[in-house]
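Listed below, chain by chain, are the residues.
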Amino acid sequence: MHKMEKRLGDRVEFWQSTRALSRPVDVMVKPQEQHYVKTLLEAAGLEFDVMMDDVQKVIDDQRMDDRVTSSDLASFDYAKYHTYDEIQQWIKDMVAAYPGITEAFTIGNSYEGRPIGGIKIKGSGNPGKPVVWFEGGIHAREWISPATVMYFTNRLLENYVAGSAEEVRLLDGLDWLIVPSLNVDGYAYTWSGDRLWRKTRSVNKGTPCIGTDPNRNWPYEWGGEGASTWPCTLTYRGSEPNSEIEVKSVTEYLENLSKTQEVRVFVDWHSYTQLWLAPWSYSAAAPAPKGADQQLALGDEAVAEIKKVHGKEYTSGPLAETLYASSGSSLDWACGVLGTKYSYVVELRDSGEYGFLLPANQIIPTGEEIYPSVLVLGRYGLDKY
Ligand SMILES: [Zn+2]
């Protein structure tokens, strides 16, 4: 499969890297290449299934079914996917609906000038509390990420206001800073142009290829294994660390914040493949980070809680060991630079049936199973530090 990835280039699009041994690999094949690819797989003795017979048809059907416009919070439908504008409006509406315990914030503007908004849940606790940082949508096509982040943010606030003891303790004890959609230009483009766009939308001088992989662009162990130097690939690392304004906005925001508040929890929400991944990402050979035992214990507890809800199996472990090395990633930066103990990449549903094209009717079930893991993150951030 690795040879095929190298040899066939963009004739076949790999939805995951081939470097993870003993895990399935999903590839998207053009109609004219189907026969050739099947022949290669059969010659190599590799088993395969057709998961989606016609990707474009799935995209077109979802465009009809899953798009919805909402004008206010009362009509906001968590069971649908939402546009960039709707997500930013949702932040404003949530802050208006929960005055005093929430605030809106902006980390900066994207390459194309879109504000990147977030919601801070401060509860009624004192200023200077430890911080939980959540970011969704760093990869544009992973629509379930912003949708799940909005779902559990809403549920945290509903339960807090209803007086649920656990949520009151966690929201009063920690500041929760939540950016539902980080790669906003890429996200907007998945609605207006290419549904399967992953990267940012910045221009790469000297090439016709657009965009950098924002999860290979973080200024820690940048430019090593699992990050490409070639702008036309899906994992292009960028011209330098922090070259992408969306990444730079987060790193500057958090470095500044960490002067006065401790960032104890950091989660970059992705899809798909159902994984709960801890540092390190840049190398499987690197010595485990400080506090790795508790870091991995949290992951194990989180996936156990997830399974209890709808029976879905998520796998927990250090990223490079569980999957493959990828350098310049968000969770390594938070762990290595900020010293955040509970730093993760979480890959949400599914395990390959729809991949990036997860139907909207799975948003609520995904949110329901992830919610208890969000409480686990809060408990560790507050109690086990
Ligand atoms: Zn991703």
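Residues numbered from 1 in each chain as written. Predicted model: local features only at pLDDT ≥ 70, side-chain atom pairs only at ≥ 80, totals over all residues. Heavy atoms only, no water.

**Q** Please provide a residue-by-residue account of the coordination of the zinc ion, values included.
**A** Taken together, His139 (ND1), Glu142 (OE), Glu142 (OE) and His270 (ND1) make up the protein donors of the zinc ion, found 2.1 to 2.4 Å from the metal. Of note is the zinc ion, whose four donor atoms meet at the metal with angles of 57 to 148° in an arrangement that counts as irregular. Sequence positions of the residues that donate to the zinc ion give the spacing H-x2-E-x127-H. Placement of glutamate 142 in the loop between β5 (131–136) and α5 (144–161) and of histidine 270 in strand β7 (residues 263–271) is noted, with a sequence separation of 128 residues between them. For the pair glutamate 142 and histidine 270, one class covers both residues: buried. (Donors = N, O, S within 2.8 Å, 3.2 Å for Na, K, Ca; no water. Tetrahedral: all angles 85-135°; square planar, octahedral: opposite > 155°, others 65-115°. Helix = DSSP H or I, 4+ residues; strand = E, 2+ residues; numbered from the N terminus. Buried < 20%, exposed > 50% of the residue type's maximum accessible area, 1.4 Å probe, protein only.)

**Q** Provide a residue-level description of the side chain of lysine 341, including the pertinent values.
**A** Inspection of the secondary structure assignment puts lysine 341 in the loop between α11 (330–338) and β10 (342–348). No salt bridge is formed by the buried lysine 341; its nearest oppositely charged neighbour, glutamate 262, is found at 9.6 Å. A polar atom in the side chain of lysine 341 sits 2.2 Å from the side chain of glutamine 294. Among all residues touching lysine 341, those that are not within four sequence positions of it are Arg264, Gly291, Gln294, Gln295, Lys384 and Tyr385. (Lys, Arg positive; Asp, Glu negative; His and termini not counted. Salt bridge = Lys/Arg side-chain N within 4 Å of Asp/Glu carboxyl O. Polar contact = N/O pair within 3.5 Å; in protein donor to acceptor, adjacent residues only side chain to side chain. Contact = heavy atoms within 4.5 Å.)

**Q** Tell me what's going on with the pairing of strand β4 (residues 115–121), and back it up with residues and numbers.
**A** Burial runs high along β4: six of the seven residues are buried. Both strand β3 (residues 102–109) and β4 contribute to a ladder of seven bridges, which runs antiparallel. By the bridge assignment for β4, glycine 108 is matched with isoleucine 116. In textbook terms, the turn of a hairpin is the stretch between consecutive antiparallel strands, and for β3 and β4 this stretch comprises five residues, one of which, glycine 113, has a positive phi near 90°. Sheet topology note: the β4/strand β6 (residues 175–179) ladder contains three bridges and is antiparallel. Paired with isoleucine 119 across the bridge in β6 is isoleucine 178. (Pairing = 2+ DSSP bridges.)

**Q** Could you give an account of the nonpolar core, naming the residues involved and the relevant values?
**A** In summary, soluble globular proteins display a tendency toward joint burial of nonpolar side chains. Membership of the largest hydrophobic core comes to 76 residues, with the highest contact counts inside it found for Trp133, Phe134, Trp176, Trp269 and Trp276. If one sorts the elements of this core by residue count, α5 sits on top with nine residues. (Core = buried A, V, L, I, M, F, W, Y, C linked by side-chain atoms within 4.5 Å.)

**Q** Pulling in residues and values, what's your account of the sheet that holds β5?
**A** Strands in a sheet are paired, the pairing made by backbone hydrogen bonds, and the direction either parallel or antiparallel. Taken in spatial order, the eight strands make up an open sheet running β3-β4-β6-β5-β7-β10-β8-β9, and their pairing is mixed. A single partner strand is all that each edge strand has here, and the edge strands are β3 and β9 (315–318). Across the sheet, the mean angle from the axis of one strand to that of its neighbour is 20°, orientation sign disregarded. Against the sheet, helix α8 (residues 245–257) touches β3, β4, β5, β6 and β7, its axis set at about 130° to β3. (Axes fitted to C-alpha atoms, helices over the stretch in contact; angles between N-to-C directions.)

**Q** Got a sec to walk through the environment of valine 27? Specific residues and values, please.
**A** For valine 27, the location among the structural elements is in strand β2 (residues 27–29). Linking valine 27 and valine 12, residues 15 residues apart in sequence, is a C-alpha distance of 6.6 Å. Leave out the neighbours within four places in its chain, and valine 27 touches Met1, Val12, Glu13, Phe14 and Trp15.

**Q** Quick one: what's the story with the packing of aromatic side chains, residue by residue and with numbers?
**A** A complete count under the given rule lists 26 aromatic pairs for this structure. Ring geometry for phenylalanine 105 versus tryptophan 133: centroids 6.2 Å apart, planes at 45°, classification tilted. Taken together, the residues span a long stretch of sequence, with phenylalanine 105 in strand β3 and tryptophan 133 in strand β5 at a distance of 28 residues. Assigned by exposure class, phenylalanine 105 and tryptophan 133 land together as buried. A centroid spacing of 5.4 Å and a plane angle of 50° characterise the contact between tryptophan 218 and tryptophan 333, whose relative ring orientation is tilted. Of this pair, tryptophan 218 sits in the loop between α7 (184–192) and α8 while tryptophan 333 sits in helix α11, placing them 115 residues apart in sequence. By the ring-pair criterion, three or more aromatic residues cluster together here, those being Phe134, Phe152, Trp176, Trp269, Trp276 and Tyr344. Stacked on the ring of tyrosine 84, the Lys or Arg arginine 114 has its end atom at 5.9 Å from the ring centre. The aromatic ring of tyrosine 189 is capped on one face by arginine 201, whose charged end is 3.6 Å from the ring centroid. (Phe/Tyr/Trp six-rings, centres within 6.5 Å; stacked < 30°, edge-to-face > 60°. Lys NZ or Arg CZ within 6 Å of the ring centre and 35° of its normal.)

**Q** Can you explain the pairing of β9? Please cite residues and give values.
**A** In terms of strand pairing, strand β8 (residues 275–278) meets β9 through four bridges, oriented parallel. What sits directly across from alanine 278, in β9, is proline 318. With helix α9 (residues 292–310) bridging β8 and the parallel β9, this β-α-β connection has right-handed handedness. (Right-handed = clockwise from strand over helix to strand, strands pointing away.)

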